[in-house]
Amino acid sequence: QVQLVESGGGLVQAGGSLRLSCAASGRTLRTYAMGWFRQAPGKEREFVAAINWSGGSTNYADSVKGRFTISRVNAKNTVYLEMNSLKPEDTAVYYCAADRVPFRAVVTTSLEDYSYWGQGTQVTVSS
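In this report, the structure presented in the accompanying data block is examined. All of these numbers come straight from a predicted model, not from anything done at the bench. (Residues numbered from 1 in each chain as written. Predicted model: local features only at pLDDT ≥ 70, side-chain atom pairs only at ≥ 80, totals over all residues. Heavy atoms only, no water.)

### What to know about the pattern of salt bridges
Reasoning step 1: Applying the stated rule across the entire model yields 6 salt bridges.
Reasoning step 2: A salt bridge links E46 to R38; its shortest N-O distance comes to 2.7 Å.
Reasoning step 3: Using a relative accessible area of 36% as the deciding quantity, one classes E46 as partly exposed.
Reasoning step 4: R38 gets classed as buried once you look at its relative accessible area, which sits at 5%.
Reasoning step 5: Taking the shortest distance from any N to any O, the salt bridge between R67 and D90 comes out at 2.8 Å. Within this pair, whereas R67 is found in the loop between β6 (58-60) and β7 (68-73), its partner D90 is found in the loop between β8 (78-83) and β9 (92-102), the two being separated by 23 residues in sequence. Both residues of the pair, R67 and D90, count as buried.
Reasoning step 6: One network of salt bridges, with partners in common, ties together R38, E46, R67 and D90. (Salt bridge = Lys/Arg side-chain N within 4 Å of Asp/Glu carboxyl O. Buried < 20%, exposed > 50% of the residue type's maximum accessible area, 1.4 Å probe, protein only. Helix = DSSP H or I, 4+ residues; strand = E, 2+ residues; numbered from the N terminus.)

Here you go:
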């Protein structure tokens, strides 16, 4: 059984940076795409960033392009989200997730394509 645990969230001033981590246990996820999603109060959970199984391909939501960077270290079974130039609208609970199938050819941004989810970590950006 796969377990995902996010960490690194917190309170930061607008323009600041945070680095989120997602550690997986129970099974290696080196052959699965990994994604980050976020959900603000009263809003739908939305796609933020994803990375394919090899780490060679990424995809980002338009709202975070140029500011966020997703990466992974498969040897550690861990995925990261480096967040720079944070804005108040980035405030949300951030979740990491693993793709439901291995070796997906295209990095999926669809919520429905992810089967394993962490409990989330809160990111709050003050203005």
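On we go from here.
### Brief notes about the side chain of T108
Reasoning step 1: Tracing the backbone through its elements, the reader meets T108 in the loop between β9 and β10 (114-117).
Reasoning step 2: Classification of T108 as buried rests on a relative accessible area of 9%.
Reasoning step 3: In terms of polar contacts, T108 uses its side chain to reach the backbone amide nitrogen of S110, at 3.1 Å. (Polar contact = N/O pair within 3.5 Å; in protein donor to acceptor, adjacent residues only side chain to side chain.)

### Digging into the nonpolar core
Reasoning step 1: By size, the foremost hydrophobic cluster in this structure holds 36 residues, and its most contacted members are L4, W36, L81, M83 and Y94.
Reasoning step 2: Residue assignment for this core shows that the elements contributing at least two residues are β3 (18-25), β4 (32-39), β5 (46-51), β7, β8, β9 and β11 (121-126).
Reasoning step 3: Residue contacts for L4: discarding those within four places in its chain leaves C22, A23, A24, L29, M34, C96, A97, A98, Y116, W117, G118 and Q119. (Core = buried A, V, L, I, M, F, W, Y, C linked by side-chain atoms within 4.5 Å. Contact = heavy atoms within 4.5 Å.)

### Focus on the environment of L29
Reasoning step 1: Here L29 is to be found in the loop between β3 and β4.
Reasoning step 2: A C-alpha to C-alpha distance of 8.4 Å links L29 and P102, two positions 73 residues apart in sequence.

### Some details on empty space enclosed by the protein
Reasoning step 1: Scanning all chains against the criterion turns up 1 cavity of 30 Å³ or more.
Reasoning step 2: One number sums up the size of the largest cavity: a volume of about 40 Å³.
Reasoning step 3: A24, L29, M34, R72, N74, N77, T78 and V79 are the residues that line the largest cavity.
Reasoning step 4: The residue inventory of the lining of the largest cavity, partitioned by class, reads 4 nonpolar, 3 polar and 1 charged. (1 Å grid on protein atoms, 1.4 Å probe; cavity = no way out; pocket = protein on both sides within 12 Å on 5 of 7 lines; lining within 4 Å. Points joined across faces, edges and corners; volume = space filled by probe spheres on them. Nonpolar A, V, L, I, M, F, W, Y, C, P; charged D, E, K, R; others polar.)

### Considering the environment of S126
Reasoning step 1: Along the chain, the position of S126 falls in strand β11.
Reasoning step 2: Take S126: its relative accessible area is 30%, and that puts it in the partly exposed class.
Reasoning step 3: Sequence separation between S126 and P88 is 38 residues; the distance between their C-alpha atoms is 5.7 Å.
Reasoning step 4: Excluding residues within four positions of it along the chain, S126 makes contact with L11, V12, Q13, A14 and P88.

### Here's the deal with the sheet that holds β7
Reasoning step 1: The 4 strands are arranged β1-β3-β8-β7 in an open sheet whose pairing can be described as antiparallel. Two strands close off the open sheet at either side, each with one partner strand: β1 (3-7) and β7. Here the strands of the sheet are splayed against their neighbours by 15° on average, with no regard to which way each runs.
Reasoning step 2: Pairing of β3 with β8, which is carried by 6 bridges, proceeds in the antiparallel orientation. Each residue of the ladder has a partner; that of R19, found in β8, is E82. (Pairing = 2+ DSSP bridges. Axes fitted to C-alpha atoms, helices over the stretch in contact; angles between N-to-C directions.)

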